[in-house]
Amino acid sequence: MIEQICAAWIDDVVANLYREHPEWYERYGEVGRIKCREDNVHHVRHLETAFQLENMDIFTDYAVWLNGILEAHGMSVEHLMDNLCKMVETVSERTELTAERRAFFAKALTAAVERLRSQCRSADKG
């Protein structure tokens, strides 16, 4: 399963996020850290599905949908974008993934961040 292959990547992303945002631990505690890891497992699963189907929209649509869920629970889009950006920054180092997957994942993650940014800009104008 892809989440087992990516377990170290997921752990690194979560550790980096919490290192850069210590206030998250203060605000959300260990439960938040666990949820963040679970969310990253879902991100990886959706990336893999998009890769298998050769359809980046599967991941970008997921990111938009997830943002709606997270915002309904009091989280900001910046949380999700920070997470996806951290994944983009680190995916090229993940030798447990094929080069083809690394490239596709990076493109899909970047596209999702851009789509979320675009929605933020549209909301700011409205």
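This text gives an overview of the structure that appears in the document. Note that the structure is predicted; figures quoted are calculated from it, not measured.

**Quick word on the nonpolar core**
So, point 1. The biggest cluster of nonpolar side chains holds 35 residues, and the ones touching the most others in it are Trp-9, Leu-47, Phe-59, Leu-84, Met-87, Phe-105 and Leu-116.
So, point 2. Elements that contribute at least two residues to this core include exactly α2 (7-20), α3 (22-53), α4 (56-72), α5 (77-91) and α6 (99-125).

**Focus: the pattern of salt bridges**
So, point 1. On inspection of all chains with the given rule, the structure shows ten salt bridges.
So, point 2. With its nearest N and O atoms 2.8 Å apart, the salt bridge here joins Asp-12 to Arg-94. Taken together, the residues span a long stretch of sequence, with Asp-12 in helix α2 and Arg-94 in the loop between α5 and α6 at a distance of 82 residues.
So, point 3. For the salt bridge of Glu-48 with Arg-101, the shortest nitrogen-to-oxygen distance reads 2.7 Å. Remark: Arg-101 occurs in helix α6 and Glu-48 occurs in helix α3; sequence separation between them is 53 residues.
So, point 4. Residue Glu-48 is classed as buried on the basis of its relative accessible area of 12%.
So, point 5. With a relative accessible area of 18%, Arg-101 lands in the buried category.
So, point 6. Residues participating in the shared-partner salt-bridge network are Asp-12, Arg-94 and Glu-96.

**Observations regarding the packing of aromatic side chains**
So, point 1. Under the criterion given, the structure shown has seven aromatic pairs.
So, point 2. An angle of 80 degrees between the planes, with centres 5.8 Å apart, marks the rings of Tyr-18 and Trp-24 as edge-to-face.
So, point 3. Taking the relative accessible area as the measure of exposure, Tyr-18 reaches 9% and is therefore buried.
So, point 4. A residue is classified by how much of its surface remains accessible, and Trp-24, at 9% relative accessible area, is buried.
So, point 5. Where Phe-51 meets Phe-105, the ring centres are 6.4 Å apart and the plane angle is 90 degrees; that geometry is what we call edge-to-face.

**Quick word on the side chain of Asn-40**
So, point 1. Inspection of the secondary structure assignment puts Asn-40 in helix α3.
So, point 2. A polar contact of 2.8 Å, which involves the side chain of Asn-40, links it to the side chain of Asn-83.
So, point 3. Each residue touching Asn-40, except ones within four places of it in the same chain, is listed here: Ile-10, Val-13, Val-14, Asn-83 and Met-87.

**So, α6**
So, point 1. Here α6 spans 39 Å end to end across 27 residues, near enough to the 39 Å set by a 1.5 Å rise per residue.
So, point 2. Residues Arg-101, Phe-104, Phe-105, Ala-108, Leu-109, Ala-112, Val-113 and Leu-116 constitute the buried set of α6.
So, point 3. Of the surrounding secondary structure, the elements contacted by the buried residues of α6 are α1 (2-5), α2, α3, α4 and α5.

Basis of the calculations
Residue indices begin from 1 for each chain and proceed along its sequence in written order. At least 70 in pLDDT is required for a residue's local features to be given in this predicted model, at least 80 for side-chain atom pairs to be given and counted, and no such filter applies to totals for whole chains, interfaces and linings, which use all residues. Computation of side-chain values: all heavy atoms of the structure, hydrogens and water removed. To qualify as a nonpolar core, a set must consist of buried Ala, Val, Leu, Ile, Met, Phe, Trp, Tyr and Cys residues joined through side-chain atoms within 4.5 Å. Burial classes follow relative accessibility: with a 1.4 Å probe on protein chains only, a residue under 20% of its type's maximum area counts as buried, one over 50% as exposed, and anything between as partly exposed. We count a stretch as a helix when DSSP gives it H or I for four or more residues in a row; a strand needs E for two or more, and each element gets its number in order from the N terminus. Salt bridges are defined as contacts in which a side-chain nitrogen from Lys or Arg sits within 4 Å of a carboxyl oxygen from Asp or Glu. For Phe, Tyr and Trp, where Trp contributes only its six-membered ring, two rings pair if their centres lie within 6.5 Å, and the inter-plane angle classes them as stacked under 30 degrees, edge-to-face over 60, or tilted in between. The term polar contact refers here to a pair of N or O atoms within 3.5 Å; inside protein, the definition further demands a hydrogen-donor-capable atom paired with an acceptor-capable atom, and it admits residues adjacent in sequence only when both atoms are side-chain atoms. Working rule for contacts: check all heavy atoms of both residues, and any pair within 4.5 Å makes them a contact. Expected helix span is given by 1.5 Å per residue-to-residue step, counting one fewer step than there are residues.

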